[in-house]
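# Secondary and tertiary structure notes
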There are 2 protein chains.
Amino acid sequence: MVVVGAGFSGLAAALALKRAGAGVRVLEARDRVGGRVLTRWLPDGTQLDLGAQWIGPTQDRVRALVTRYGLATFPSAAHGTPTVLWDGRRYAEPPAPTGAVLALLDAYAQGVDPAAPWAAARAEAWDRRTVADWLARAAPDPVTARYLGRQLAGGLLAAAPAEISMLQLLFYLRSGGGSAMLLAMAGGAQQDRLVGGPGVLADALAAALGPDTVRCGAPVHAIVQDRTGVTVRTDDEVVTAGAVVVAVAPALAGRIRYDPPLPALRDGLNQRMPMGSAVKVHAVYPEPFWRADGRSGVATCADGPVTETVDNGTPGSARGVLTAFSYGAEATALRRLSPPARREALLDALVAIVGPAAGRPDEVVEYDWSADPWTRGCFCGALTVGAWRAYGPELRRPVGRVHWAGTETATRWAGYLDGAIEAGERAAAEVLDTTDQLSLK
Amino acid sequence: MVVVGAGFSGLAAALALKRAGAGVRVLEARDRVGGRVLTRWLPDGTQLDLGAQWIGPTQDRVRALVTRYGLATFPSAAHGTPTVLWDGRRYAEPPAPTGAVLALLDAYAQGVDPAAPWAAARAEAWDRRTVADWLARAAPDPVTARYLGRQLAGGLLAAAPAEISMLQLLFYLRSGGGSAMLLAMAGGAQQDRLVGGPGVLADALAAALGPDTVRCGAPVHAIVQDRTGVTVRTDDEVVTAGAVVVAVAPALAGRIRYDPPLPALRDGLNQRMPMGSAVKVHAVYPEPFWRADGRSGVATCADGPVTETVDNGTPGSARGVLTAFSYGAEATALRRLSPPARREALLDALVAIVGPAAGRPDEVVEYDWSADPWTRGCFCGALTVGAWRAYGPELRRPVGRVHWAGTETATRWAGYLDGAIEAGERAAAEVLDTTDQLSLK
């Protein structure tokens, strides 16, 4: 079997296939495994997770692998009071009631089967309405609408509230176990981090596959299938197999050339699932000065270029790390600025959150996943407004010998490491289910 | 210079470059020129235009070329009374007032500069609202909302009303000169057809370029640029030049590999401009029997799988041709049916429009542009909801030596043959403007 992509989903698929006795080759475009995770180290050992970084409760699949490979986690830093920036002022919590709106969304989400959002009783109305438009009516005032739109479409999907349909948001809320679980640090999706960065888990998965299984630096550009099998082409290699698991996001899967061409509906899906757009910037300081003020460094902002910050310090390092996230239209606007203007805009936003010392970082470290040709955005892909009903049923439907993985195809914790693993294991099971007709090559 | 794509936009770009004295190579993936046009002939000479087929008033660029190359047009058939299918009943015109809603949209469209829709005073509100949601409030009743949504998002953009933002619709209305101009047969965008099909104009443009200029069967898969020039790769050819005009839709331009990779914002645009989804089916009868009943064969339907029909007969042929269009979610649903079930659904819809004789065609002829790997949808690409404001400014912005054409980048008659020509000529002018630094290679 061949797996395209050595992110968590591709590695999980390959491991499941291997355990079932199949021969597996994993072809990865980058020079490393792990997909949308990347860790950089400062000389003093400070760990900067530039991509995906958290695991939390109920993410049983990723937790099981962390345990199996004997890896260590540490709790995300959260000492003190969070900050809410609201209409230009700082608060410890939103000054308007946001809980009622979140509760309503969570109740709606109960009506969405994450394996078939298109079948929800209210799917038509939810698929045609943007989160921005819904909040404009459901929230008690414009600032609350803006705050919640940025927190939900931005914080969860790295998109503008105008780009996300209610159906996509409700699917995501359901998939991750509700807004409280998704938004929380301790007790939620941002609870824990991996010692050494999440890449250590990807490395462990790759090591478990054994030598010569994963080939890096091998972007797949063509997949040819016929009655006898599938042929996968990289720039300088041709691999044949009984089936292939494509474990990259639909936006990238659509850039591979297929022969025969993908059916209209599957290609239509690939055209309608853009990756999120996030700017994630680490500002590094001599120390986490905000803790002395009783602030946690965790902030959510109703205005300005930055939507969220977290204290991203690591045990064993004295440095303070404040990580800022900008999403959707704000991220796009930042990308249009010159590097100095962009840095200034980001630091001004941090000053507004934790005070003037934020304006004098030792370093500012960033990685732009939207510029990376083998990712093209983060956190994940989301179906465009109006696309779930028409194209959603294609998300996991195999096309002959081509099976689809990637966290976008998960039903539980879609968009997260845990969902990536679920998706890879599900795609592997599909392949194994059809091995009556296929050799376990 | 190199041009990618020998549709009308690429051919127009190449001609403009050649007239300015530049050497030009056009690389085309298909085995023919013309892009989204294709004509099939029945043995008796009946002309079936399977793709783009109409030209109309104010489409001055395409009309000038028709005149220059001495080609003939004929008026679209429209004898008798049109049919409106509305809540299961037939009318000669909508039984509810639709004109007021169209007039309001046209007035709004006056506030949209087609060269910069993102700068409209109400751009934010219009970009976050879908046509479906807007109509649900603006139309006097649900049937009118459905009818207008299908006619506008469907008939103009081959999309579901839930997939199209108000800003996208208003841009399109403005670009084409208003709803009356866009929707009308005589006096509007569907007024005339080309004798021999629109492909004869593409052939004339290709002939004017001279021999050995257009290479067919040459899909471009990589574009490499550096300070000295650009290198364009097909499967078996490497062409170098001073600049390249990419004259394919963004959804397809995004599938080419670029080195250096495209900037995040341009790639983000390519991820957010899916092609429309239309099923266009020609039912051929011994004669245009509907004319005997005083019906024109032109229909618009508020319900059912078919949104529109036209009498697509050609002078000199006695056959009756009824062409049915299905769009968006209805087209997707048709694609999920088995071929016999799909044929039955389509013919049932035609029977509802022009009577039982429609159920007994001699032939049913179809071409699925969404399944064609070098088109992947029609009529054109449309920016997804919420994407115009953030990504619209990238639509025509060159990336180094790479310039963008294709009807999606036009400001006047975007989505039409005329817009394709405008876009090609504009991209060629950009290239020529920068030839101080470039050789006219």
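Quick notes on the rules
Residues numbered from 1 in each chain as written. Chains lettered and ligands numbered in written order. Predicted model: local features only at pLDDT ≥ 70, side-chain atom pairs only at ≥ 80, totals over all residues. Heavy atoms only, no water. UniProt positions renumbered as here; feature names shortened; annotations may be inferred. Helix = DSSP H or I, 4+ residues; strand = E, 2+ residues; numbered from the N terminus. Buried < 20%, exposed > 50% of the residue type's maximum accessible area, 1.4 Å probe, protein only. Areas by Shrake-Rupley, 256 points an atom, 1.4 Å probe, with all protein chains shown as cover. Pairing = 2+ DSSP bridges. Contact = heavy atoms within 4.5 Å. Axes fitted to C-alpha atoms, helices over the stretch in contact; angles between N-to-C directions. Least-squares fit on C-alpha atoms with pLDDT ≥ 70 in both. pLDDT = per-residue confidence, 0-100. Buried area = accessible area lost by both parts, 1.4 Å probe. Salt bridge = Lys/Arg side-chain N within 4 Å of Asp/Glu carboxyl O. Polar contact = N/O pair within 3.5 Å; in protein donor to acceptor, adjacent residues only side chain to side chain. Arc of directions from axis to C-beta. Disulfide = S-S within 2.5 Å. 1 Å grid on protein atoms, 1.4 Å probe; cavity = no way out; pocket = protein on both sides within 12 Å on 5 of 7 lines; lining within 4 Å. Points joined across faces, edges and corners; volume = space filled by probe spheres on them. Nonpolar A, V, L, I, M, F, W, Y, C, P; charged D, E, K, R; others polar. Domains from an automatic or database assignment. Phe/Tyr/Trp six-rings, centres within 6.5 Å; stacked < 30°, edge-to-face > 60°. Lys NZ or Arg CZ within 6 Å of the ring centre and 35° of its normal.

For chain A, an unreviewed UniProt entry supplies the name FAD-dependent oxidoreductase and the organism Micromonospora endolithica. Comment text from UniProt for chain A, heading Sequence similarities (unreviewed entry), reads "Belongs to the flavin monoamine oxidase family."

A separate point is the overall build of chain A. Within chain A, the regular secondary structure consists of 16 helices and 21 strands. Seen through its C-alpha atoms, chain A measures out along the principal axes to roughly 65 × 50 × 40 Å. Residues counted as buried form 63% of the 441 residues belonging to chain A. Here chain A has roughly 15,100 Å² of accessible surface; of this, 53% comes from carbon and sulfur atoms.

The next subject is the sheet that holds strand β2 (residues 25-27) of chain B. All names here are of chain B. The strand order β10-β2-β1-β14-β21 describes an open sheet built from 5 strands, whose pairing is parallel. Where the open sheet ends on each side, the last strands, each with one partner, are β10 (214-215) and β21 (402-404). By the bridge criterion, 2 bridges tie β2 to β10 in an arrangement that is parallel. Following the sheet pairing, V26 is matched in β10 by V214. Strands β1 (2-4), β2, β10 and β14 (244-246) of the sheet are contacted by helix α1 (residues 8-19), whose axis makes an angle of about 170 degrees with β1.

The subject of this paragraph is the relation of the copies chain A and chain B. For the pair chain A and chain B, the superposition axis carries a translation of 0.0 Å, the fit reaches an RMSD of 0.0 Å, and the rotation angle comes to 180 degrees. Both chain copies can therefore be described as sitting about a two-fold axis. Among all residues of chain A, the minimum C-alpha distance to the rotation axis is found for A:R255, at 2.3 Å. Both copies present the same face, since 100% of the interface residues in chain A are matched by interface residues at the equivalent positions in chain B.

Another aspect to go through is the confidence of the model for chain A. Of all residues in chain A, 99% have pLDDT values of 70 or greater, and the mean over the chain is 96. Among the prediction metrics, the complex's ipTM stands at 0.97, with pTM recorded as 0.97.

Most peptide bonds are trans, and most residues other than glycine sit at a negative phi. A cis amide bond links A:D259 with the next residue in sequence, A:P260, at an omega value of 0 degrees. With respect to the helices and strands, A:P260 occurs in the loop between β15 (257-259) and α11 (264-270). A cis geometry characterises the amide bond from B:C378 onward to B:F379, with omega recorded as 5 degrees. Positive phi values are uncommon outside glycine, yet A:R376 reaches one of about 65 degrees. Locating A:R376 in the fold gives a position in the loop between β20 (363-366) and α15 (387-391). Positive phi, normally seen in glycine, also occurs at A:W413, with a value near 55 degrees. Among the secondary structure elements, A:W413 is positioned in the loop between β21 (402-404) and α16 (417-433).

What follows is about the interface of chain A and chain B. Facing the 45 residues of chain A at the interface are 45 residues of chain B. Roughly 3,900 Å² of surface becomes buried between chain A and chain B when both sides are summed, with 46% attributable to carbon and sulfur atoms. Notably, a salt bridge pairs B:R255 with A:D267, separated by 2.9 Å at the nearest N-O pair. One can count 28 residue pairs in polar contact (both at pLDDT 80 or more) joining chain A with chain B. Mapped onto the side of chain A that touches chain B, the elements with two or more residues apiece are α4 (123-128), α5 (131-138), α11, α13 (328-336) and α15 of chain A.

If you check which residues of helix α13 (residues 328-336) of chain B are buried, you get B:G328, B:A331, B:T332, B:L334 and B:R335. Taken around the axis of α13(B), the buried residues stretch over an arc of 160 degrees, which confines them to a single face. Looking at the buried side of α13(B), the elements it contacts are α11 and α15 of chain A together with β16 (278-285), β19 (320-327) and α14 (339-354) of chain B.

Right, let's get into the pairing of strand β18 (residues 308-311) of chain A. For a regular strand, the rule is simple: side chains alternate between the two faces of the sheet. Residues and elements named next belong to chain A. Burial along β18 is two-sided: the residues E308 and V310 and T309 and D311 are all buried. Inspection of the sheet shows strand β17 (residues 295-301) paired to β18 by 2 bridges, in the antiparallel sense. Bridge pairing in β18 links T300 to E308. Here β17 hands over to β18 after 6 residues, with G304 in that stretch at a positive phi of 85 degrees. Relative to strand β19 (residues 320-327), β18 is paired through 4 bridges, and the arrangement is antiparallel. What sits directly across from D311, in β19, is L322.

Now for the UniProt feature "binding site: FAD" (unreviewed entry) in chain A. The UniProt entry lists A:S9, A:E28, A:A29, A:V220 and A:E408 under the feature "binding site: FAD" (unreviewed entry), expressed in the numbering used here. Relative to the helices and strands, A:V220 is located in strand β11 (residues 220-226).

For the rest of this paragraph, the subject is the state of the cysteines. The term disulfide refers to a covalent linkage connecting the sulfur atoms of a pair of cysteines. Residues and elements named next belong to chain A. Within the structure shown, the criterion is met by 0 disulfides over all chains. Considering cysteine sulfurs only, C378 is the nearest to C301, which forms no disulfide, with 18 Å between them. For C301, a relative accessible area of 1% gives the class buried. You can see C380 has no disulfide; the closest cysteine sulfur is in C378, sitting 9.0 Å from it.

Before going further, it helps to spend a moment on the side chain of A:Q271. Along the chain, A:Q271 turns up in the loop between α11 and β16 (278-285). Other than its neighbours up to four places away in sequence, A:Q271 contacts B:A251, B:R255, B:Q271, B:P274, B:M275 and B:R376.

Turning our attention to the UniProt feature "binding site: substrate" (unreviewed entry) in chain A. Residues and elements named next belong to chain A. Feature annotation in UniProt assigns "binding site: substrate" (unreviewed entry) to the following positions: F325. Positionally, F325 belongs in strand β19. You can call F325 buried: its relative accessible area is 5%. Those residues in contact with F325 that lie beyond four places of it in its chain are W54, V279, K280, V306, T307, E308, V310 and F379.

Counted by the stated rule, this structure contains 9 cavities of 30 Å³ or more. For the largest cavity, the calculated volume is near 130 Å³. Lining the largest cavity are 13 residues, with A:A251, A:N270, A:Q271, B:A251 and B:N270 positioned closest to its centre. A per-class count over the lining of the largest cavity returns 5 nonpolar, 6 polar and 2 charged. By volume, the second largest cavity amounts to about 110 Å³. Across the lining of the second largest cavity, the residue classes break down as 8 nonpolar, 3 polar and 2 charged.

Next up on the list: the domain arrangement of chain A. Residues and elements named next belong to chain A. Assigned domains within chain A: domain 1 (2-34 + 198-274 + 384-433), domain 2 (39-58 + 73-80 + 187-195 + 275-366) and domain 3 (96-183). A straight line from the C-alpha centre of domain 1 to that of domain 3 covers 29 Å. Residue-level contacts link 15 residues of domain 1 with 22 residues of domain 3. Its largest share of buried area at the contact with domain 3, domain 1 owes to V385, W388 and R389, together 45% of the area lost on that side. Linking domain 1 with domain 3 are 0 salt bridges. At the junction of domain 1 and domain 3, the tally comes to 9 residue pairs in polar contact (both at pLDDT 80 or more). Taken together, the residues of the side of domain 1 that touches domain 3 sort by class into 8 nonpolar, 4 polar and 3 charged.

Per the stated rule, a full pass over the model turns up 30 aromatic pairs over all chains. Judged by centre distance (6.0 Å) and plane angle (25 degrees), the ring pair of B:F325 and B:Y327 falls under stacked. You can call B:Y327 buried: its relative accessible area is 2%. Pairwise contacts between aromatic rings join A:W54, A:F325, A:Y327 and A:F379 into one cluster. Positioned above the aromatic ring of B:W404 is the side chain of B:R266, whose terminal nitrogen or guanidinium carbon lies 3.8 Å from the ring centre. The ring of B:W54 carries the charged tip of B:K280 above its face, separated from the ring centre by 6.0 Å.

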